[in-house]
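Single-letter residue listing:
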Amino acid sequence: IGRIALLVMFSVVAVGLITPVAEAEGFTTVRPGGRGGSWEFFLPLTYVDSSHITGQGGSSAQLNSDIGFGFGLGYNVNDNFALSGIWSWSSQGYEASIVNASTGTVEHRSGTLDSTTLSVNATYYASHKEFTPFVTAGVGVTVVNTNVPSSSPVYTCVWDPYWGYMCGYVTPTKSENDVSYNVGIG
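Scoring rules and cut-offs
Residues numbered from 1 in each chain as written. Predicted model: local features only at pLDDT ≥ 70, side-chain atom pairs only at ≥ 80, totals over all residues. Heavy atoms only, no water. Salt bridge = Lys/Arg side-chain N within 4 Å of Asp/Glu carboxyl O. Buried < 20%, exposed > 50% of the residue type's maximum accessible area, 1.4 Å probe, protein only. Disulfide = S-S within 2.5 Å. Helix = DSSP H or I, 4+ residues; strand = E, 2+ residues; numbered from the N terminus. Phe/Tyr/Trp six-rings, centres within 6.5 Å; stacked < 30°, edge-to-face > 60°. Lys NZ or Arg CZ within 6 Å of the ring centre and 35° of its normal. Pairing = 2+ DSSP bridges. Core = buried A, V, L, I, M, F, W, Y, C linked by side-chain atoms within 4.5 Å. Contact = heavy atoms within 4.5 Å.

A. Spotlight on the pattern of salt bridges. Under the counting rule described, the total for this entry stands at 1 salt bridge. Two residues, Arg-109 and Glu-107, come together in a salt bridge whose shortest N-O distance is 2.7 Å. For Arg-109, a relative accessible area of 38% corresponds to the partly exposed category. Judged by its relative accessible area of 39%, Glu-107 falls in the partly exposed class.

B. Up close: the state of the cysteines. Under the counting rule described, the total for this entry stands at 1 disulfide. Cys-157 shares a disulfide with Cys-167; S-S distance 2.0 Å. Sign of the S-S torsion, about 110° for the bond between Cys-157 and Cys-167, identifies this disulfide as right-handed. Of this pair, Cys-157 sits in strand 9 (residues 154-160) while Cys-167 sits in strand 10 (residues 164-170), and the two are 10 residues apart along the sequence.

C. Highlighting the packing of aromatic side chains. With the rule as written, the count across this model stands at 9 aromatic pairs. Each ring, one from Trp-39 and one from Tyr-75, has its centre 4.8 Å from the other, and the planes form 50°; the classification is tilted. Within this pair, whereas Trp-39 is found in strand 1 (residues 39-42), its partner Tyr-75 is found in strand 5 (residues 66-76), the two being separated by 36 residues in sequence. What makes Tyr-75 partly exposed here is its relative accessible area of 31%. Seen in terms of ring centroids, Tyr-125 and Phe-134 are 6.2 Å apart; in terms of plane orientation they differ by 55°. Their pairing is tilted. For the residue pair Tyr-125 and Phe-134, the accessibility class agrees, reading buried in each case. Each residue in the set Phe-69, Phe-71, Trp-87 and Trp-89 is aromatic and connected to the rest through ring pairs, giving one cluster. Against the face of Tyr-125 rests Arg-35, its NZ or CZ located 4.2 Å from the ring centre.

D. Examining the pairing of strand 2 (residues 45-48) more closely. Here strand 2 shows a buried face lined by Thr-46 and Val-48 and an unburied face lined by Leu-45 and Tyr-47. Summarising the sheet, strand 2 and strand 5 pair through 4 bridges and their orientation is antiparallel. Bridge assignment links Thr-46 to a residue of strand 5, and that residue is Gly-68.

E. Layout of unusual backbone geometry. In this structure, Asn-147 takes a positive phi of about 60° despite not being glycine. Residue position: Asn-147 is located in strand 8 (residues 134-149).

F. Structural view of the nonpolar core. Core analysis: the largest hydrophobic core is formed by 6 residues, namely Ala-61, Leu-63, Tyr-94, Ala-96, Leu-113 and Val-144. Where this core is concerned, the elements lending two or more residues are strand 4 (60-63) and strand 6 (81-99). For Ala-96, the residues in contact, after removing those within four places along its chain, are Ser-60, Ala-61, Glu-107, His-108 and Arg-109.

This is the structure we're talking about:
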């Protein structure tokens, strides 16, 4: 299982074990004998482990561990089945060594790698009791931005509903979108 999948799986399990259900208008707590029809709001903490990545020609990067955060909202369709959505974010620091293939020179860089995951999850509870075993699975998209420039700055304009057109130079960065998945038990 990939690191992002482990991150999301850890979040879902941690939320299920330690996060209380929000009590606000329109939200109810889990009631003895039934959770069906209730909403849940949770704030997952995520942990991303450090890792070492090697590339072509001797290039490499050392990623630091990080604790991220997120938001989640779920609905208990009935006493045994819940659907939820989770958004999570983390920012890992890194040290990179980039080897120029033609000259053999090494350039050292440091920076941050930002990752954001948006997922939809389904959870099955084994019984109607408040404390019950469960299985969960989900799928989503993860956006990873290295914050490493991928080209020269470009002049661009964007529309903001409050400020109107905002124009300036923006430096495109190397980023990637991936499908992410998770499974868990608890």
